[in-house]
Amino acid sequence: MALLKSSKVIYCLGNISPSLGVLSTRNSSWWGGVQMGPPDPILGVTEAFKKDTNPKKMNLGVGAYRDDQGKPFVLSCVRKAEAIIAAKQLDKEYLPIGGLAEFSKACAQLALGPENEVLKSSRSVTVQTISGTGSLRIGANFLARFHPGPHDVYLPKPSWGNHTPIFRDAGMQLKAYRYYEPSTCGFDFKGALDDISKIPEQSIILLHACAHNPTGVDPRPEQWKEIADIVKKRNLLVFFDMAYQGFASGDIDRDAWAVRHFIENGHNIVLSQSFAKNMGLYGERVGGFTVVCKDAEEAKRVESQLKILIRPIYSNPPVNGARIAATILNTPELRSLWLEEVHGMANRIIKMREQLVAGLKKNGSSHNWQHVIDQIGMFCFTGLKPEQVERLTKEFSVYMTKDGRISMAGVTSGNVRSAKEKTTGTATLPLLNKITMKPTAALRNLSLS
Amino acid sequence: MFHDACASQACVIHASWWGGVQMGPPDPILGVTEAFKKDTNPKKMNLGVGAYRDDQGKPFVLSCVRKAEAIIAAKQLDKEYLPIGGLAEFSKACAQLALGPENEVLKSSRSVTVQTISGTGSLRIGANFLARFHPGPHDVYLPKPSWGNHTPIFRDAGMQLKAYRYYEPSTCGFDFKGALDDISKIPEQSIILLHACAHNPTGVDPRPEQWKEIADIVKKRNLLVFFDMAYQGFASGDIDRDAWAVRHFIENGHNIVLSQSFAKNMGLYGERVGGFTVVCKDAEEAKRVESQLKILIRPIYSNPPVNGARIAATILNTPELRSLWLEEVHGMANRIIKMREQLVAGLKKNGSSHNWQHVIDQIGMFCFTGLKPEQVERLTKEFSVYMTKDGRISMAGVTSGNVGYLADAIHAVTK
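No experiment lies behind these values; they were computed from the predicted model shown.

**Q** An account of the overall build of chain A is needed here, citing residue identities and associated values.
**A** Summing up its helical and strand segments, chain A has 19 helices and 13 strands in all. Out of the 449 residues in chain A, the part that is buried amounts to 62%. The long-range fraction of contacts in chain A, counting pairs at least 24 apart against all pairs at least 6 apart in sequence, stands at 73%. If you sum the accessible surface of chain A, you get close to 17600 Å²; carbon and sulfur atoms cover 54% of it.

Structure below.
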């Protein structure tokens, strides 16, 4: 009979029973010291939303596109691609470590443009990844292992919440540069240039290629040019995160403009791409990580090391989503259909922005809501404070992230309208009334700076 | 060294961040397939990677998988993000498959199972979890030899690797005495990794009475047991028999951690379907552990891929499909057993003087031939027979059509 020496449990912070019988082995615990962790700030919102029984609840948390009925939207081009793939009755063999070649190639072409000199000279490597998060993490791990400069990653203030643990868990340090100006709900261009100009040489700067998450505030092209110049002066390694190509303006080339400008400008960037939003492939986990190198020889060396890094994380990436994305990108009619559908999604969001602002004006709001229209992409940075956010959730079952970010994709013509059009009497107030102090006394206390 | 000294626009194109990045070697296992693909010899055989082939040497998609896919396609489901821990119907069925649906652990909800990126993803999540939370020494003891990828998985997660004796080259069998001897000396609260069945690369598994003694000594040493079960169903053809060791250890009071893969037993390779389970003291602890697993997973890939999990869940949870699956797994295991017998028969027929009994005794997809690196190289160069350098061949790549050629080739380099 095995004995647990209670004196040896100093290592284990858990609750090991001192008794020596067989039954006490059931009480032994390796994980007594493991604390309950908090729910994810973004994904946890959906978890909480699901548990809410209020029929009027709204999930404006996670950035997942919804159609105008508030339903998840699977693109037609995706369904068509799936039918094509199903008919081929393909096998399910392992992909190479770097993923499906037809996908990686098309992925790079989408970002850079098919005629890009980088692609023609084969001086980049693109690996298929587990969507955008997987791409960023592979990148972070690669930098942690190989970046010759300071291991400091400068994020815009604010940035997507998950950027911080991604880089931190990979062993990098996090720093920040000014980005969002709360007083204008816009871009703090002076502050950004000022901070970037002081970043130590060869540090890493992360830039959101388009549709900045969470603010929706993007630099204008002339501002991007100045940023590119100062970044070059400081000799920084540029890490572009492009999770919304096509989703921001509705035009994939326009949304990739900054990425392409930096490359043209001589930056050998690293780039993360996601197809979660622009192809609606969320759960299929489709993404890419690209390293633009000095030449083809360097690209081969980098590729070999990316594979060595990836193999002990997940061996090779999932095949299904990559086949769908590759089929769409590489089949002209599907690609055209896709571009239309992306345009349509972006347009619906723009329309919701306009309707929300129109509704707020109609309600007589005295605040300036122009930022709701100026901001771009899926998200709107409302400017609401954490206490206000909490009340919206607790009192009205409107779910958003604590930073006041709402996903416009979760807004529909059905829930953006004023309360007067509701026929259900004491139904939950639609969104715009919730944030403009009508009609209850409690709401009057909400104030937006 | 990071950029040219000249300041003109043209030479910025020569700037290089990655000048110090060396060319790395190809993966020892997956690299074999890469080399195989380039070979133009019509008689070439790929016995490298452990991917099942039918008797025509073709990749095999199980009927139960095709049927499950049809069911899923008809539902026209959305592609929303799964929860961080994956598809609940999958994780639940995954745990039940390993532990048995009536297991006390499941009834008392004292375990957590998260969906992972197949077996590798499961092992890596486990390794990362141990690196962050294991209260004992961060030493992981692997059997000697073990699957090649175990080492970088644990090492890149920040753990130290050590080993215990396992394979006995002189018998091509299990070094039971050596294993017990080494395990008895492992410092308390270290981590021991055990292959649940169909040991990779050797195919050598302990017998039940040997497993019992191992469980006892591991308990005496108070070691944390990490089971890697990548071949449940594939080893003996029977899923419960293949899970016997895992279930015995749990019954014996070990609160194990467990990695499962559905790559082989469901042929879902590229869909990347797996699970990671932590058996805890009680339901409250399981909740704490689950919360930390999610915090760990979110900055790696946010949430796992939906497609393969839906297929696996459909199969496991639909009685007719589950039955069909069990038959097909049995069939795959049987074909491999038959190939083992035919290979040995062929070697004998060729007049080989060596004892090839181990080819029949070893279990699962792989056979540890005992071939030396020079012999392996000759097999590849002269006969276009591809295998990993350690002499491991994937029996799944052997067919009734090429087993004779293989017997000839092996005989040629060993006579």
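**Q** Give a description of the nonpolar core that names residues and reports values.
**A** Judged by nonpolar contacts, the single largest core of 280 residues is most densely connected at W31 and F240 of chain A together with W18 and F227 of chain B. Looking at this core element by element, the count peaks at 10 residues for helix α14 (residues 332-362) of chain A. Beyond its immediate sequence surroundings of up to four residues, F227 of chain B is in contact with L194, H195, A196, W211, A245, V246, F249, I256, V257, L258 and S259 of chain B.

**Q** Describe the interface of chain A and chain B, with residues and values.
**A** The partner chain B presents 98 residues to the 94 residues of chain A that form the contact. Between chain A and chain B, roughly 8400 Å² of surface is buried when both sides are summed, and carbon and sulfur atoms account for 56% of that area. For the interface between chain A and chain B, the tally reads 12 salt bridges. Put simply, R311 of chain A and D27 of chain B hold a salt bridge, and the shortest N to O gap is 3.0 Å. Taken together, chain A and chain B are joined by 43 residue pairs in polar contact (both at pLDDT 80 or more). When contributions to the side of chain A that touches chain B are tallied by element, the ones reaching two or more residues are α2 (43-51), α3 (76-88), α6 (131-146), α7 (163-169), β10 (286-292), α12 (296-314) and α13 (319-330) of chain A. Tallying contributions element by element places α12 of chain A first for the side of chain A that touches chain B, with 12 residues. Per-class residue counts for the side of chain A that touches chain B are 45 nonpolar, 25 polar and 24 charged.

**Q** Break down the domain arrangement of chain A for me, citing the residues and quoting the values.
**A** Interface size is often expressed as the accessible area that is lost when the parts come together. Residues and elements named next belong to chain A. You can read the domains of chain A as domain 1 (41-73 + 345-434) and domain 2 (94-330). Between the C-alpha centres of domain 1 and domain 2 the distance comes to 29 Å. Opposite the 18 residues of domain 1 that make contact, domain 2 presents 21 residues. Carbon and sulfur atoms supply 68% of the area that domain 1 and domain 2 bury against each other, a total of about 1500 Å² over both sides. A per-residue breakdown of the area domain 1 buries against domain 2 is headed by I376, F379 and F381, which together make up 35% of the total. The tally of links from domain 1 across to domain 2 stands at zero salt bridges. Counting across the interface, domain 1 meets domain 2 through four residue pairs in polar contact (both at pLDDT 80 or more). Of all the elements in the fold, those that place two or more residues in the side of domain 1 that touches domain 2 are α14, α15 (370-374) and β11 (379-381). Looking at the side of domain 1 that touches domain 2, its residues break down into 11 nonpolar, four polar and three charged.

Cut-offs used in this document
Residues numbered from 1 in each chain as written. Chains lettered and ligands numbered in written order. Predicted model: local features only at pLDDT ≥ 70, side-chain atom pairs only at ≥ 80, totals over all residues. Heavy atoms only, no water. Helix = DSSP H or I, 4+ residues; strand = E, 2+ residues; numbered from the N terminus. Buried < 20%, exposed > 50% of the residue type's maximum accessible area, 1.4 Å probe, protein only. Contact = heavy atoms within 4.5 Å. Areas by Shrake-Rupley, 256 points an atom, 1.4 Å probe, with all protein chains shown as cover. Core = buried A, V, L, I, M, F, W, Y, C linked by side-chain atoms within 4.5 Å. Buried area = accessible area lost by both parts, 1.4 Å probe. Salt bridge = Lys/Arg side-chain N within 4 Å of Asp/Glu carboxyl O. Polar contact = N/O pair within 3.5 Å; in protein donor to acceptor, adjacent residues only side chain to side chain. Nonpolar A, V, L, I, M, F, W, Y, C, P; charged D, E, K, R; others polar. Domains from an automatic or database assignment.

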